[in-house]
Amino acid sequence: MRVVIAEDDALLREGLALLLGGEGFEVAAAVPDPDAFMKAVAEHHPDVAVVDVRMPPTHTDEGIKAAVEARRLHPELAVLVLSAYVEQAFATELLAGGANGIGYLLKERVGRVGEFMTALERVAAGGTAIDPEVVAQLFTRRDGPLDRLTTRELEVLALMAEGLGNTAIAERLVVTEGAVHKHIRSIFAKLDLSPADRVDRRVAAVLHYLNA
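Residues numbered from 1 in each chain as written. Predicted model: local features only at pLDDT ≥ 70, side-chain atom pairs only at ≥ 80, totals over all residues. Heavy atoms only, no water.

The omega torsion across Pro56 and Pro57 is 10°, close enough to zero to call that bond cis. When you line up the elements, Pro57 lands in the loop between β3 (48-52) and α3 (62-73). In this structure, His45 takes a positive phi of about 50° despite not being glycine. Summarising the element assignment, His45 is placed in the loop between α2 (34-44) and β3. Phi at His59 takes a positive value of approximately 55°, unusual for a residue other than glycine. Within the secondary structure, His59 is located in the loop between β3 and α3. (Helix = DSSP H or I, 4+ residues; strand = E, 2+ residues; numbered from the N terminus.)

Here it is, written out as structure tokens:
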């Protein structure tokens, strides 16, 4: 699987390249800024990109904007964004164009190699991975449509936001898959997500959660 890394911190950039190379990824390019990232994506056509949120020149939101633009130009590109802090607006902006093949993790997660690789592989396969710390902060907020959900339904929705499927949610909550399916149907109903809508209802539910 081919990957492009965009990270301005040289140590982290080289560390990621070594880690991913050791895990069997083909590291096509490891670059320090958004312009070089966009050129690398156009040249190498990677399966997945790992992108720092804050990059030169202003170290504010250049990385997230580059990730969003890369997805616009290359819809098949999976993107995993890394951030030093929980920044809900960036997570929401990244997911706004659709959540297939999208991830948002805190940089500290890279040091937990197993968790990081699981998240990256999930994103590369077209799934979603939102850092548990981001989800935990949002979980304390219950306003708008989320007022309708029970505590258990919020727990299920939080795990959906992390990118877990029904089986993994059932294992995490120690319940049956049937119970998870029932909770998800209830979540869709309470958030007014109809099967007739031409949207991915899991993605739409997560966006409700992130925007709450």
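According to UniProt, the positions carrying the feature "modified residue: 4-aspartylphosphate" (unreviewed entry) are Asp52. If you trace the backbone, Asp52 turns up in strand β3. If sequence neighbours within four positions are ignored, Asp52 has contacts with Ala6, Glu7, Asp8, Gly63, Ile64, Leu82 and Lys107. (UniProt positions renumbered as here; feature names shortened; annotations may be inferred. Contact = heavy atoms within 4.5 Å.)

Bringing helix α9 (residues 177-190) into the picture now. In this model, α9 (14 residues) spans 20 Å end to end at C-alpha, consistent with the 20 Å of a helix rising 1.5 Å per residue. For α9, every residue scored as buried is listed here: Val180, Ile184, Ile187 and Phe188. Summarising the axial view, the buried residues of α9 lie within an arc of 95°, below the 170-degree limit, and thus occupy one face. Turned more than 90 degrees from where α9 packs its buried face, Lys182, Arg185 and Ala189 sit exposed. A positive phi of about 60° marks Asp192, the residue just after α9. (Expected span 1.5 Å × (residues − 1). Buried < 20%, exposed > 50% of the residue type's maximum accessible area, 1.4 Å probe, protein only. Arc of directions from axis to C-beta.)

The buried count for strand β1 (residues 2-6) comes to four of five residues, which makes it a mostly enclosed element. Relative to strand β2 (residues 26-31), β1 is paired through five bridges, and the arrangement is parallel. Paired with Val3 across the two strands is Val27, which belongs to β2. Taking the sense of rotation as the criterion, the β-α-β connection linking β1, helix α1 (residues 10-22) and β2 turns out right-handed. (Pairing = 2+ DSSP bridges. Right-handed = clockwise from strand over helix to strand, strands pointing away.)

This next bit is on the pattern of salt bridges. Overall, the coordinates contain 10 salt bridges when judged by the stated rule. Between Arg72 and Glu69 there is a salt bridge, with the nearest N and O atoms lying 2.7 Å from each other. With a gap of three residues between them, Arg72 and Glu69 both fall in helix α3, about one helical turn apart. The exposure class of Arg72 is exposed, given its relative accessible area of 57%. What makes Glu69 partly exposed here is its relative accessible area of 29%. Residues Arg152 and Glu155 are paired through a salt bridge, measuring 2.8 Å at the closest nitrogen-oxygen approach. Here Arg152 and its partner Glu155 are both found in helix α7 (residues 151-162), three residues apart, which amounts to about one turn of the helix. (Salt bridge = Lys/Arg side-chain N within 4 Å of Asp/Glu carboxyl O.)

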